[in-house]
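# Structural characterization, general
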Amino acid sequence: QVQLVESGGGLVQAGGSLRLACTASGRTASGRTFSTYTMAWFRQAPGKEREFVAVITRSGDMTYYADSVKGRFTISRDNAKNTVYLQINSLKPEDTSVYYCAADLGVTLPRDPAPYNYWGQGTQVTVSS
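Attention now moves to the sheet that holds strand S1 (residues 3-7). Sheet architecture is open: four strands sit in the order S1-S3-S8-S7, paired in antiparallel fashion. Of all strands in the sheet, those bounded by a partner on one side alone are S1 and strand S7 (73-78). On average, each strand axis in the sheet is tilted by 15° relative to the strand beside it, whichever way the strands run.

Structure below.
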């Protein structure tokens, strides 16, 4: 059973930075572990749909970002630590959301939440103006 646990959220002033982390444990029923998952970050603000933020390939050699976060957010992963990170810089009040990490067992890089097989519980990021 795969579990994802996010950490690193908090209250920060506009213009500040945070580093979110998501650590995976366990394995799938077929025995797959973290290094074989495509990993992504999504976020969801109150009253809004969950939206794509960033995704990274299994090896970490390719990344894609939502236009709204390009140049400010950086996704990375450390397969030795079973962890994916989201460095968030130049935070804006509109970045306030619950941030979720997600794991996909496929080989594509989906920007839609539906294909993702496993989700964390989320970590709150609140940006004050």
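Here the narrative resumes.
Once that is clear, we can look at the state of the cysteines. Counting across every chain of the model gives one disulfide. The disulfide partner of Cys 22 is Cys 101, and the gap between their sulfur atoms is 2.0 Å. Around the S-S axis, the bridge from Cys 22 to Cys 101 shows a dihedral of about 50° and counts as right-handed. With Cys 22 in strand S3 (residues 18-25) and Cys 101 in strand S9 (residues 97-104), this residue pair connects regions lying 79 residues apart in the sequence. The pair Cys 22 / Cys 101 is uniform in exposure class, with both members buried.

Under the counting rule described, the total for this entry stands at four salt bridges. Salt-bridge contacts for Arg 43 lead to Asp 95; the nearest nitrogen and oxygen are separated by 2.9 Å. Of the two residues, Arg 43 sits in strand S4 (residues 38-44) while Asp 95 sits in the loop between strand S8 (83-88) and S9, which places them 52 residues apart along the sequence. Relative accessible area serves as the criterion here: at 5%, Arg 43 is assigned to the buried category. The class for Asp 95 is buried, based on a relative accessible area of 0%. Across the salt bridge formed by Asp 95 and Arg 72, the nearest N and O atoms sit 2.7 Å from each other. Of this pair, Asp 95 sits in the loop between S8 and S9 while Arg 72 sits in the loop between strand S6 (63-65) and S7, and the two are 23 residues apart along the sequence. Taken together, the salt bridges that share partners define one network made up of Arg 43, Glu 51, Arg 72 and Asp 95.

One non-glycine residue with positive phi stands out, namely Asn 82, at about 55°. Checked against the element boundaries, Asn 82 lands in the loop between S7 and S8. A relative accessible area of 31% means that Asn 82 is categorised as partly exposed. The phi dihedral of Ser 90 falls on the positive side, at around 50°, and the residue is not glycine. Here Ser 90 shows up in the loop between S8 and S9.

If you trace the backbone, Thr 33 turns up in the loop between S3 and S4. In this structure Thr 33 comes out as partly exposed when scored by relative accessible area, which is 27%. Separated by 54 residues in the primary sequence, Thr 33 and Gln 87 place their C-alpha atoms 23 Å from one another. Thr 33 has contacts with Gly 26 and Arg 27, leaving out every residue within four places of it along the chain.

Thresholds, definitions, all that
Residues numbered from 1 in each chain as written. Predicted model: local features only at pLDDT ≥ 70, side-chain atom pairs only at ≥ 80, totals over all residues. Heavy atoms only, no water. Pairing = 2+ DSSP bridges. Helix = DSSP H or I, 4+ residues; strand = E, 2+ residues; numbered from the N terminus. Axes fitted to C-alpha atoms, helices over the stretch in contact; angles between N-to-C directions. Disulfide = S-S within 2.5 Å. Buried < 20%, exposed > 50% of the residue type's maximum accessible area, 1.4 Å probe, protein only. Salt bridge = Lys/Arg side-chain N within 4 Å of Asp/Glu carboxyl O. Contact = heavy atoms within 4.5 Å.

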